[in-house]
Amino acid sequence: MRERKPVIGVTCNFDYRDAVGMVSGMGITGQDWDFVSGDYVYILEKTGAIPVLIPQYGDLEAAKPFLDQLDGVLISGGHDVGPERYGAFPKGYCGTIMPMRDEQDIAISRYFMLEKKKPILGICRGIQIMNVACGGTLYQDLEKEGGFEHHFGDKYPRNVAWHGVRIAGDSILEKIYEKRDIRVNSFHHQAIKGAGENVRITAWSEDRVPEAMELENHPFAVAVQWHPEMMYDSLEQLKLLRAFVEAAGKETEA
């Protein structure tokens, strides 16, 4: 009998505007879109999981039986998180906000982190969502609010590691990478400002931008600000996804 692979839910981007369809020549004016980069699907398959997409639901409570069947969830990247979610007023330098997705992603994060305590991995926007779900805050723009030089790295191809990250000792990430200094890519202008309840910051960029978090008293609740799924040719970054999938695999044995 074939062994069942872990089933990982991947949260979709949501956009109520029709630009996605119109630019790609699909659909008609006025359609909503649920979508996700193929990189998330490819890397989860590569590391031994079965990825399934989580669309924007009208009634998340009704979808809980489906979420309960998942062995883990990946909170993917996307638009900025609405500042009202962490008690701030939206500034002009904040990017596009999708309130519907914010609400659902925060609810899913809390469900997996606090209620079910199942494996969860956040990437880019995902680390921001998970921190806000725990009561933390964000920089709406790193340069304008934080004075950091660290910024959106679109000058480089998506798979290029262009800056360094220092990992905290005695962390899940240190165990995964088996060292404390790695190089990563980055595509973001927001980041964690104040850590949420039981959130431990476990990596920083060279200019001290928080680059990773772990939730204490949880078997595997990890999030990173960089994009390991885009670094498809990096054996080092595959380690993170493999560790996540292995943690989810334990759910299949429970």
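Values in this document were obtained by computation on a predicted structure and should not be read as measured data.

**Student:** Quick question: what am I supposed to make of the side chain of Arg125 here?
**Tutor:** Locating Arg125 in the fold gives a position in helix α5 (residues 125–133). Relative accessible area serves as the criterion here: at 1%, Arg125 is assigned to the buried category. A polar contact is formed between the side chain of Arg125 and the side chain of Asp105, at a distance of 3.4 Å. With residues near it in sequence (within four places) discarded, Arg125 still touches Ser76, Gly77, Gly78, His79, Asp80, Val81, Arg101, Asp102 and Asp105.

**Student:** What am I meant to see in the pairing of strand β8 (residues 163–167) here?
**Tutor:** If a strand is regular, its side chains alternate between the two faces of the sheet. Counting buried positions along β8 yields four of five residues, so the element is predominantly enclosed. Sheet analysis places β8 next to strand β9 (residues 181–184), joined by four bridges and oriented antiparallel. When the bridges of β9 are listed, Arg166 appears paired with Asp181. Both β8 and strand β11 (residues 199–205) contribute to a ladder of three bridges, which runs antiparallel. Looking at β11, one finds that Ile167 is bridged to Ala203.

**Student:** Even after reading the chapter, I still don't get the nonpolar core, so can you show me in this structure?
**Tutor:** With 32 residues, the main nonpolar core has Leu44, Leu74, Leu121, Leu173, Tyr177, Trp226 and Leu240 as its most contacted residues. Those elements that provide at least two residues to this core are β1 (7–11), α2 (38–46), β6 (120–123), β8, α7 (172–177), β9, β13 (221–224) and α8 (235–253). If one sorts the elements of this core by residue count, α8 sits on top with eight residues. Here Leu74 is in contact with Ile8, Gly9, Val10, Thr11, Tyr40, Leu44, Leu121, Ile123, Leu241 and Phe244, once residues within four sequence places are set aside. If you look at the next biggest cluster of nonpolar residues, it comprises 30 residues, including Ile54, Ile106, Tyr111 and Leu138.

**Student:** I tried to follow unusual backbone geometry on my own but got confused; where do I start?
**Tutor:** One can expect most non-glycine residues to show negative phi and most peptide bonds to be in trans. Of note in the backbone geometry, Cys124 takes a positive phi value of approximately 55° without being a glycine. Residue position: Cys124 is located in the loop between β6 and α5. A residue is classified by how much of its surface remains accessible, and Cys124, at 7% relative accessible area, is buried.

**Student:** In this structure, what is going on with the packing of aromatic side chains? I would like to understand it.
**Tutor:** For any pair of aromatic rings, the description rests on two quantities: the centre-to-centre distance and the angle between the ring planes. This structure, assessed with the given rule, holds four aromatic pairs. Between Tyr139 and Phe148 the ring centres are 5.5 Å apart and the planes differ by 80°, which places this aromatic pair in the edge-to-face class. For Tyr139, a relative accessible area of 15% puts it in the buried group. Measuring from ring centre to ring centre gives 5.3 Å for Tyr156 and Trp162, while their planes differ by 5°; the resulting arrangement is stacked. Its end group placed over the ring of Tyr16, Arg17 keeps NZ or CZ at 6.0 Å from the ring centre. Its guanidinium or amino end placed over the ring of Tyr111, Lys64 lies 4.4 Å from that ring's centre, counting from NZ or CZ.

**Student:** Explanation requested: the sheet that holds β13 in the structure shown.
**Tutor:** To summarise the sheet geometry, strands pair through backbone hydrogen bonds and adopt either a parallel or an antiparallel arrangement. Reading across the sheet, the nine strands line up as β4-β1-β5-β6-β13-β12-β11-β8-β9 and stay open at both edges, with mixed pairing between neighbours. Two strands close off the open sheet at either side, each with one partner strand: β4 (50–54) and β9. Taking the axes of each pair of neighbouring strands and ignoring which way they run, one obtains an average angle of 25° across the sheet. Most of the contacts of α2 go to β4, to which it runs at about 150°, and overall it touches β1, β4, β5 (72–75) and β6.

**Student:** Would you mind showing me how to read the packing of helix α4 (residues 99–115) against α5 here?
**Tutor:** Think of two packed helices as two axes; the pair is described by the angle between the axes and how far apart they sit. Here α4 crosses α5 at 70°, and the two axes come no closer than 9 Å. As far as their axial angle goes, α5 and α4 are roughly perpendicular. Relative to α5, α4 is oriented so that their crossing is right-handed. Counted together, Arg101, Asp102, Asp105, Ile106, Ser109, Arg110 and Met113 of α4 and Arg125, Ile129, Met130, Val132 and Ala133 of α5 form the full contact between these two elements. Its residues assigned to classes, the contact of α4 with α5 comprises six nonpolar, one polar and five charged.

Calculation notes
Residues numbered from 1 in each chain as written. Predicted model: local features only at pLDDT ≥ 70, side-chain atom pairs only at ≥ 80, totals over all residues. Heavy atoms only, no water. Helix = DSSP H or I, 4+ residues; strand = E, 2+ residues; numbered from the N terminus. Buried < 20%, exposed > 50% of the residue type's maximum accessible area, 1.4 Å probe, protein only. Polar contact = N/O pair within 3.5 Å; in protein donor to acceptor, adjacent residues only side chain to side chain. Contact = heavy atoms within 4.5 Å. Pairing = 2+ DSSP bridges. Core = buried A, V, L, I, M, F, W, Y, C linked by side-chain atoms within 4.5 Å. Phe/Tyr/Trp six-rings, centres within 6.5 Å; stacked < 30°, edge-to-face > 60°. Lys NZ or Arg CZ within 6 Å of the ring centre and 35° of its normal. Axes fitted to C-alpha atoms, helices over the stretch in contact; angles between N-to-C directions. Parallel < 35°, antiparallel > 145°, perpendicular 65-115°, else oblique. Left-handed = near helix turned anticlockwise from the far one by under 90°. Nonpolar A, V, L, I, M, F, W, Y, C, P; charged D, E, K, R; others polar.

By themselves, these are just geometric observations and shouldn't be taken as functional.
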